[in-house]
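Structural overview for review
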Amino acid sequence: MLSVDEALARILAAFSPLPAETVSVDEAFGRVLAAAVTARITQPPHAVSAMDGYAVRAADLPQAPARLRVVGAVPAGSLFERPLGAGEAVRIFTGAPLPEGADSIVIQEDTDQDGDEVVVKEVPSRGVYVRARGLDFSEGDPGVEAGTWLTPRHVGLIAAMDVPWVSVHRRPRVAILSTGDELVMPGEQRRPSQIVSSNAIALSALVRDCGGEPINLGIAADNRDSLERLAAGAEGADLLLTTGGASVGDHDLVRAVLAEEQLSLDFWRIAMRPGKPLMFGHLGKTPMIGLPGNPVSSLVCGLLFVRPAMERMLGLTRPPHRLGTAELMAPLPANDKRQDYMRATLESGPEGQLSAVPFPKQDSSMLRTLSRADCLIVRAPHAPAIQAGEFVPVLLLD
Ligand code: AMP
Ligand code: MG
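The shown structure was predicted, so the numbers you read here are calculated from the model rather than taken from an experiment.

Ranked by internal contacts, the top residues of the largest apolar core, which has 43 residues, are Ile11, Leu241, Met272, Leu278, Ile289, Phe305 and Tyr341. Residue assignment for this core shows that the elements contributing at least two residues are α1 (4-12), β13 (173-179), α3 (199-209), β17 (239-243), β21 (286-291), α6 (295-313) and β25 (375-379). The element that contributes the greatest number of residues to this core is α6, accounting for 11 residues. Inspection of this core shows a minimum of three residues originating in each of domain 1 (4-15 + 171-313) and domain 4 (323-396). Look past the residues within four positions of Ile11 in its chain and what remains in contact with it is Phe267, Leu278, Phe280, Ile289, Phe305 and Ala309.

Tracing the chain through its elements places Ser204 in helix α3. By relative accessible area, which is 16% here, Ser204 ends up buried. Not counting residues within four places of it along the chain, the set of residues in contact with Ser204 comprises Ile176 and Pro214.

The relative placement of two aromatic rings is captured by the distance of their centres and the angle of their planes. Inspection of every chain in the model, using the stated rule, returns two aromatic pairs. With a centroid separation of 6.5 Å and an interplanar angle of 40°, the aromatic rings of Phe15 and Phe280 are classed as tilted. With Phe15 in the loop between α1 and β1 (20-24) and Phe280 in strand β20 (residues 279-283), this residue pair connects regions lying 265 residues apart in the sequence. Both residues of the pair, Phe15 and Phe280, belong to the buried class. Note on Phe267 and Phe280: the rings are 6.0 Å apart at their centroids and 40° apart in plane angle, and the pair reads as tilted. With a gap of 13 residues between them, Phe267 in strand β18 (residues 263-267) and Phe280 in strand β20 connect regions that are remote in the sequence. You'll find Phe267 and Phe280 in the same group, each marked buried.

Another aspect to go through is the environment of Asp225. With respect to the helices, strands and loops of the structure, Asp225 is situated in helix α4 (residues 224-231). Taking the C-alpha atoms as reference, Asp225 lies 22 Å from Leu239; in sequence the two are 14 residues apart.

Along α1, the residues classified as buried are Val4, Ala7, Leu8, Ile11 and Leu12. Down the axis of α1, the buried set is contained in an arc of 130°. They therefore lie on one face. Summarising the contacts, the buried residues of α1 are in contact with β18, β19 (272-273), β20, β21, α6 and β23 (339-348).

Taken as a whole, the largest pocket encloses approximately 600 Å³ of empty space. Broken down by secondary-structure element, the contributors of at least two residues to the lining of the largest pocket are α3, α6, α7 (367-372) and β26 (391-396). Of the residues belonging to the lining of the largest pocket, the class tally is 13 nonpolar, two polar and six charged. Counting only domains with at least three residues in the lining of the largest pocket, you end up with domain 1 (4-15 + 171-313) and domain 4 (323-396). In terms of lining residues, the second largest pocket is bounded by 24 residues, among which Glu182, Asn199, Gly244, Gly293 and Asn294 are the most central. Among the elements of the structure, β15 (195-196) and α6 are those that each provide at least two residues to the lining of the second largest pocket. Of the residues belonging to the lining of the second largest pocket, the class tally is seven nonpolar, 14 polar and three charged.

Calculation notes
Numbering of residues starts from 1 in each chain and follows the order in which that chain's sequence is written. Here chains are named by letter from A upward and ligands by number from 1 upward, in the order in which they appear as written. Since the coordinates come from a predicted model, pLDDT governs what is reported: local features require at least 70, and pairs of side-chain atoms require 80 or more to be given and counted, while whole-chain, interface and lining totals use all residues. To obtain the side-chain values, all non-hydrogen atoms of the structure were used and water was disregarded. In this description, a nonpolar core means a group of buried Ala, Val, Leu, Ile, Met, Phe, Trp, Tyr and Cys residues linked to one another through side-chain atoms lying within 4.5 Å. Each residue gets one of three labels from its accessible area relative to the maximum for its type: buried under 20%, exposed over 50%, partly exposed in between, using a 1.4 Å probe on protein chains only. Under the scheme used here, helices are H or I runs from DSSP no shorter than 4 residues and strands are E runs no shorter than 2 residues, and both carry numbers assigned from the N terminus. Domain delimitation follows an automatic or database domain assignment. Between two residues, a contact is recorded if the distance between any of their heavy atoms is within 4.5 Å. For Phe, Tyr and Trp, where Trp contributes only its six-membered ring, two rings pair if their centres lie within 6.5 Å, and the inter-plane angle classes them as stacked under 30 degrees, edge-to-face over 60, or tilted in between. Each C-beta atom gives one direction from the helix axis, and the arc is the one those directions make. Site definitions follow a grid-based scheme: protein atoms alone, a 1 Å grid, a 1.4 Å probe that fits but cannot get out for cavities, and for pockets an open set with protein on both sides within 12 Å along at least five of seven lines, plus lining residues having an atom within 4 Å of a point. Grid points are joined across faces, edges and corners, and a volume is the space filled by probe spheres set on the points. Only Asp, Glu, Lys and Arg are considered charged in this grouping, and only Ala, Val, Leu, Ile, Met, Phe, Trp, Tyr, Cys and Pro are considered nonpolar; every other residue, Gly among them, is considered polar.

Structure, rendered in structure tokens:
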């Protein structure tokens with residue numbers, strides 16, 4: 001059986017960044033930048049005031065109190081038409097450009113207005129409350145690098161740099177096919193022997209969360225005809241995910257059936273829990289990851305293998321998983337030959353140190369424990385038994 005790391009490496013080797021498309025900066029949130037953004041303008045374009053008050057020449061105010069003649073006002077968005085002379089001040093507001101010759105701002109709170117004069121009660125230090133031209137960035141400065149997942153902070157900067165259009169990687173199209181005679185959709189009429197299919201719902205949420213576009217191909221029955229017909233819907237997708245039917249049971253047909261439909265299989269078993277039956281190959285030209293049927297296995301394998309594959313297609317440069325270390329709050333027995341991912345809750349102490357409480361039952365059908373978990377404790381193959389108080393690596397969820 002393949003190790004988790006080898007399996008991931010082989011999956012990643014089959015993907016490369018998708019082509020770029022252009023979107024408006026307003027639509028760019030949650031996309032991955034395909035080409036670096038640089039500033040088209042200088043910000044601020046002039047030296048501007050950071051406060052409401054008076055624009056002055058510091059040389060006029062060696063001591064306080066002192067009087068200056070108020071010769072006009074500049075609100076944000078206007079320009080004072082002439083240079084400031086000796087002994088003069090201009091009423092100024094936050095964001096307004098400093099008149100030529102002015103070098104400092106006296107804040108309103110440190111003044112008294114007296115007719116057309118202002119009494120300055122505190123000596124300003126030269127340059128105080130002035131934002132220099134280009135304080136934030138200058139034309140041509142680097143803004144956001146290619147390979148960045150665009151957050152609200154990034155799109156704000158791109159907009160401020162006066163860049164209306166950006167180049168982003170196309171969203172991966174991910175087709176999802178569920179398999180199993182026992183499955184019905186949530187809310188559907190159900191015989192006593194049937195169960196609700198949840199894998200495709202969870203996986204399409206995962207695909208969206210990773211920046212992709214899910215396409216639900218429905219539920220294939222456990223027969224050749226149905227599987228072939230529904231799997232054909234994957235044509236044109238960047239990735240096909242199947243769930244269930246991947247094991248060695250009499251009704252686990254995915255491998256056998258698709259093998260006759262141009263499936264070239266790379267591997268179909270890995271040394272991990274949950275999720276031993278994990279397939280990877282190509283159906284025709286479409287890469288395919290065959291996920292286990294058990295809901296926890298399907299989603300954990302989704303996090304471990306589908307997410308990194310999608311991040312590769314998106315050209316993302318950040319690492320795929322957020323790993324941490326936590327103090328174990330309950331003993332764990334020795335592990336067998338499979339890498340184990342154990343659901344656990346996390347608590348964080350006063351200094352942010354994490355402690356992990358594993359759920360006592362880890363059956364791969366139990367979605368409720370997965371939904372309540374904050375992390376997966378990673379147990380290496382053949383890891384020895386450990387006591388409470390020791391530290392374990394954790395993969396953070398969400
Ligand atoms: P299989 O690999 O097809 O034998 O499925 C393993 C287990 O997962 C069985 O108990 C299935 O009923 C269950 N299962 C398979 N597909 C789904 C699904 N889409 N939603 C929920 N459970 C499923
Ligand atoms: Mg099945």
